[in-house]
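Here is how the chains run, residue by residue.
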Amino acid sequence: MTFEDFFKKKRIDLAALEQAEFALFSEFKLHYDQMGEKSFDHTKKYWFNKIRRQFPLAPEVKTEKPHIENPLAEQTVTESLTETAAPPSPSPKLGFVPKFKAGNMPKPAVSTDDKKEGAANTPVAENTPPEQPDQKNETKPAYKPRFNMKNIPPKASGE
């Protein structure tokens, strides 16, 4: 960002500042060239409000859109401008996606017919131990309290 652009961003009329206080202008120009934008802004920030009040930059004149009598033509022109200006954004993903997998969820049960079909299609390794049918996929409870509310004696009403 150039020195002139910086003061335009701060809404200060640089030409008026140069004519009224040339010493301050030349000091600011020298410091901006030595420091850069961020350091200059940080060190001189308390000057900007006072200078902005003394030398305000004229507000930019905004041009109004010409009003078109034919609304259909206006709609067509507006649509063509918006289509070329804004590229289509990707549609957001809908639905909830958890950030983790629940560890205590039981695995889906596979029926015996599916096991037989799967076993026939997949080759069995020779050193693979046979599955033991008596071991079950047990899940432990998520939370077990350390005490039972039934064992706590009720409070006496006189206390």
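In this text the structure is predicted, and so the values were computed from the model without any measurement.

Draft legend 1. The overall build of the protein chain, seen in detail. A count of helical and extended segments in the protein chain gives 6 helices and 0 strands. Beginning at the N terminus, the succession of helices and strands in the protein chain can be written as α-α-α-α-α-α. A separation threshold of at least 6 residues defines the contact pool for the protein chain, and within that pool the share at least 24 residues apart is 63%. Put simply, the protein chain shows about 15,500 Å² of open surface, and 56% of that area lies on carbon and sulfur atoms.

Draft legend 2. The arrangement of the packing of aromatic side chains in detail. Tallying each qualifying case throughout the model produces 15 aromatic pairs. With a centroid separation of 5.7 Å and 85° between ring planes, the pair formed by F28 and W47 is classed as edge-to-face. Of this pair, F28 sits in helix α3 (residues 22-35) while W47 sits in helix α4 (residues 37-54), and the two are 19 residues apart along the sequence. Taking relative accessible area as the criterion, F28 reaches 0% and is therefore assigned buried. Judged by relative accessible area, which is 38%, W47 ranks as partly exposed. Among the aromatic side chains, those forming a connected cluster through ring pairs are F3, F6, F7, F22, F25, F28, Y32, F40, W47 and F48.

Draft legend 3. The packing of α3 against α4, seen in detail. Contact geometry of α3 with α4 gives a least axis separation of 9 Å together with a crossing angle of 155°. Here α3 lies roughly antiparallel to α4, going by the angle between them. Between α3, through L24, E27, F28, H31, Y32 and M35, and α4, the contact on the second element is made entirely by E37, S39, F40, T43, K44, W47 and I51. When grouped by side-chain class, the residues that make up the contact of α3 with α4 number 7 nonpolar, 3 polar and 3 charged.

Draft legend 4. Spotlight on the pattern of salt bridges. By the definition in use, this model includes 4 salt bridges. A salt bridge links K29 to E4, with the shortest nitrogen-to-oxygen separation between them at 4.0 Å. Linking K29 in helix α3 with E4 in helix α1 (residues 3-9), this pair joins segments that are 25 residues apart in sequence. With a shortest N-O distance of 3.1 Å, D41 and K10 are connected by a salt bridge. With D41 in helix α4 and K10 in the loop between α1 and α2 (14-20), this residue pair connects regions lying 31 residues apart in the sequence.

Draft legend 5. Representation of a nonpolar patch on the surface. A cluster of nonpolar side chains, contributed by F147, M149 and I152, occupies part of the molecular surface with about 340 Å² of accessible area. Considering the arrangement of structural elements, one finds M149 in the segment after α6 (112-121). Owing to a relative accessible area of 60%, M149 belongs among the exposed residues under this scheme.

Draft legend 6. Up close: the environment of F25. Tracing the chain through its elements places F25 in helix α3. Its relative accessible area of 11% is what places F25 among the buried residues. Along the sequence, F25 and L14 sit 11 residues apart, while their C-alpha atoms lie 8.1 Å from each other. Residues in contact with F25, not counting those within four places in the same chain, are F3, L14, L17 and E18.

Calculation rules
Residues numbered from 1 in each chain as written. Predicted model: local features only at pLDDT ≥ 70, side-chain atom pairs only at ≥ 80, totals over all residues. Heavy atoms only, no water. Helix = DSSP H or I, 4+ residues; strand = E, 2+ residues; numbered from the N terminus. Contact = heavy atoms within 4.5 Å. Areas by Shrake-Rupley, 256 points an atom, 1.4 Å probe, with all protein chains shown as cover. Phe/Tyr/Trp six-rings, centres within 6.5 Å; stacked < 30°, edge-to-face > 60°. Buried < 20%, exposed > 50% of the residue type's maximum accessible area, 1.4 Å probe, protein only. Axes fitted to C-alpha atoms, helices over the stretch in contact; angles between N-to-C directions. Parallel < 35°, antiparallel > 145°, perpendicular 65-115°, else oblique. Nonpolar A, V, L, I, M, F, W, Y, C, P; charged D, E, K, R; others polar. Salt bridge = Lys/Arg side-chain N within 4 Å of Asp/Glu carboxyl O. Patch = residues over 30% accessible without salt bridge, like charges linked within 9 Å, V, L, I, M, F, W, Y side chains within 5 Å.

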